[in-house]
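Chain residues, written in single-letter form:
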Amino acid sequence: MKLSFYKVIFFFLFFSICQANENIRFVDLNYIVNNSKIGKSLNEIIENKNNKIKKDLDDLKKSLDDKKNKIVSQKNIIKKEEFQKLVNNYEKDVVDFKNLRKTKT
C-alpha cells in the first residue's frame, strides 16, 4: 500500500514537471499604445498639454526678460530704494518661475 502511494506521488510529480514546458508570450505595450485609437488619442492629449505648458512657460519667461530690461533701463532714473525694491520683486518672480518650471516639467 505504501509503495503504491509513493508510485502515485512520483507519477504526479513527474507529470507536473513535464507540463511546465509551456510557451511564454510577451505583449509589446508600446506597440499597442502607439497603434490603437485610444492610445493615439491619449498621446495627442498629452502632447497638446505639453505644448500648452511650454508655451505658457515661454510667455512667462519673455515677460520676465521684458521686466528685467525695464528695470535696467530705469536704473539711473529712479531712486536707489525704488530700484532695489524692483530688483527684489524681480528676483522673487524669477524664483517663482523656477519653482513653477520644476513642477510643470
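All figures in this text were calculated on a predicted structure; none of them were measured in a lab.

Novice: Which parts of the structure should I look at to understand the overall build of the chain?
Specialist: Tallying secondary structure elements over the chain gives four helices and zero strands in all. Reading the helices (α) and strands (β) of the chain from amino to carboxyl end gives α-α-α-α. When each of the 105 residues of the chain is scored for burial, the buried share is 8%. Entry remark: accessible area of the chain is about 10100 Å², with carbon and sulfur atoms responsible for 59%.

Novice: Explain a positive patch on the surface here, please?
Specialist: A cluster of like positive charges, contributed by K61, K98, R101 and K102, occupies part of the molecular surface. With three residues, the top contributor of residues to the positive patch is helix α4 (residues 80-104). Its place among the elements puts K61 in helix α3 (residues 37-73).

Novice: Is there a simple way to explain α3 in this structure?
Specialist: Residue pairs three or four apart in sequence face the same way in an α-helix, which turns once every 3.6 residues. Helix length check: α3 (37 residues) gives 54 Å between terminal C-alpha atoms against 54 Å at 1.5 Å per residue, within 8%. All of the buried residues in α3 are G39, L57, L64 and I71.

Novice: Got a minute to help me understand the pattern of salt bridges in this structure?
Specialist: Scanning the model with the defined rule gives three salt bridges in all. The partner of K55 in a salt bridge is D59, with the nearest N and O atoms 3.9 Å apart. Placement of both K55 and D59 in helix α3 is noted, with a separation of four residues, approximately one turn of the helix. The class of D59 is partly exposed, set by a relative accessible area of 43%. With its nearest N and O atoms 2.4 Å apart, the salt bridge here joins D93 to K67. With D93 in helix α4 and K67 in helix α3, the pair connects residues that are 26 residues apart, well separated along the chain. The partly exposed category is assigned to K67, whose relative accessible area is 29%.

Novice: I tried to follow the nonpolar core on my own but got confused; where do I start?
Specialist: Soluble, globular proteins show a tendency: their nonpolar side chains are buried together. By size, the foremost hydrophobic cluster in this structure holds seven residues: L57, L64, I71, F83, V87, Y90 and F97. Contributing elements (two or more residues each) for this core: α3 and α4. For this core, the leading source of residues is α4, giving four residues.

Novice: How should I be thinking about the environment of V87 in this particular structure?
Specialist: Structurally, V87 is set in helix α4. The spacing of V87 and K75 is twelve residues in sequence and 9.9 Å in space, taken between C-alpha atoms.

Novice: Any chance you could explain α4 here in plain terms?
Specialist: Along its 25 residues, α4 runs 36 Å from first to last C-alpha, staying within 8% of the 36 Å computed at 1.5 Å per residue. Within α4, the full set of buried residues consists of F83, V87, Y90 and F97. Buried positions along α4 lie against α3.

The rules behind each value
Residues numbered from 1 in each chain as written. Predicted model: local features only at pLDDT ≥ 70, side-chain atom pairs only at ≥ 80, totals over all residues. Heavy atoms only, no water. Helix = DSSP H or I, 4+ residues; strand = E, 2+ residues; numbered from the N terminus. Buried < 20%, exposed > 50% of the residue type's maximum accessible area, 1.4 Å probe, protein only. Areas by Shrake-Rupley, 256 points an atom, 1.4 Å probe, with all protein chains shown as cover. Patch = residues over 30% accessible without salt bridge, like charges linked within 9 Å, V, L, I, M, F, W, Y side chains within 5 Å. Salt bridge = Lys/Arg side-chain N within 4 Å of Asp/Glu carboxyl O. Lys, Arg positive; Asp, Glu negative; His and termini not counted. Charge placed at Lys NZ, Arg CZ, Asp CG, Glu CD. Expected span 1.5 Å × (residues − 1). Core = buried A, V, L, I, M, F, W, Y, C linked by side-chain atoms within 4.5 Å. Contact = heavy atoms within 4.5 Å.

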